[in-house]
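The lines below spell out each chain.
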Amino acid sequence: MFRLRRMRESDLLKVRDIERVSHPLPWRLAYFRQAVRRGWCCWVIEDAQTVAGYGVIQIVRHQAHIMSLTVAPHYRHRGLGIRMLRHLLREAGRQGARWARLEVRPSSQAALSLYGSLGFKARGYIRHYYPGPGASTGALVMTRRVQRGSKLRSSHG
Ligand SMILES: CC(C)(COP(=O)(O)OP(=O)(O)OC[C@H]1O[C@@H](n2cnc3c(N)ncnc32)[C@H](O)[C@@H]1OP(=O)(O)O)[C@@H](O)C(=O)NCCC(=O)NCCS
């Protein structure tokens, strides 16, 4: 039985471990700590006592910026990513956001397909967004509207 709850500082070691195995440029633990302390919208999804995934959004005025969305490898393909994303969008709507925005690697098939299934559309491309040891990589910018308190449109029903 999975449940969503706000991220706590006591989750950060586990979050850092999942982050390290999930991203080519993982956030450092201190970055997550700052996000929690600054009151960004930081959530985890847990299975019994174990963090299975997490998401972070920063809301500035009417825009929710999805900063992080990750599911631990062992828990993928069970609908947790989509559940977390729906939850983050609902929270964003509650907090007055009208738009959600994110950046994603064009090579991240799983992420592109997840975002597409919840109505995100590619609106632009930022060159050299992700630094790399050899060459940097660009990011697709995706957005969708967020409606306050309304149901989320999704191809998953
Ligand atoms: C992207 C990620 C969060 C998806 O989490 P997940 O829990 O496996 O996703 P879900 O089970 O909720 O899948 C939701 C939808 O996403 C898509 N999807 C998920 N994994 C996929 C894959 N490997 N290939 C293609 N589509 C995929 C599918 O459309 C899926 O719907 P379906 O199961 O009805 O086909 C997870 O793969 C992850 O953490 N990846 C590494 C970090 C990352 O890329 N984060 C996002 C960019 S910052």
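Computed from a predicted structure; not experimentally measured.

Thresholds applied
Residues numbered from 1 in each chain as written. Predicted model: local features only at pLDDT ≥ 70, side-chain atom pairs only at ≥ 80, totals over all residues. Helix = DSSP H or I, 4+ residues; strand = E, 2+ residues; numbered from the N terminus. Buried ≥ 20, exposed ≤ 12 C-beta atoms within 10 Å, placed from the backbone. Contact = placed C-beta atoms within 7 Å. Near = placed C-beta within 6 Å. Nonpolar A, V, L, I, M, F, W, Y, C, P; charged D, E, K, R; others polar. Axes fitted to C-alpha atoms, helices over the stretch in contact; angles between N-to-C directions. Parallel < 35°, antiparallel > 145°, perpendicular 65-115°, else oblique. Left-handed = near helix turned anticlockwise from the far one by under 90°.

Q: Could you give an account of the overall build of the protein chain, naming the residues involved and the relevant values?
A: A count of helices and strands for the protein chain gives 4 helices and 7 strands. Listing the helices and strands of the protein chain from first to last along the sequence gives β-α-α-β-β-β-α-β-α-β-β. Counting the 157 residues in the protein chain, one finds 26% classified as buried. For the protein chain, the share of sequence-separated contacts (at least 6 apart) that also reach a separation of at least 24 residues comes to 59%.

Q: Explain the site of the ligand to me, using residue names and the numbers behind them.
A: Residues in close proximity to the ligand total 21 residues, the closest being R76, G81, A110, S113 and L114. At the level of secondary structure, the elements contributing two or more residues to the shell around the ligand comprise β4 (63–71), α3 (80–94) and α4 (109–117). Among the elements that take part in the shell around the ligand, α4 stands out by supplying 6 residues, more than any other. Taken together, the residues of the shell around the ligand sort by class into 8 nonpolar, 11 polar and 2 charged.

Q: Describe the packing of helix α1 (residues 12–22) against helix α2 (residues 29–37), listing the residues and the values that go with them.
A: Describing two packed helices takes the angle between their axes plus the distance from one axis to the other. Where α1 contacts α2, the axes come no closer than 9 Å and their chain directions differ by 130 degrees. Considering their axes alone, α1 and α2 lie oblique with respect to each other. Like other packed secondary-structure pairs, α1 and α2 cross with a definite hand, here right-handed. Facing α1, whose interface residues are L12, V15 and R16, α2 presents L29, F32 and R33. Of the residues belonging to the contact of α1 with α2, the class tally is 4 nonpolar, no polar and 2 charged.

On their own, these measurements won't tell you what the molecule is for.
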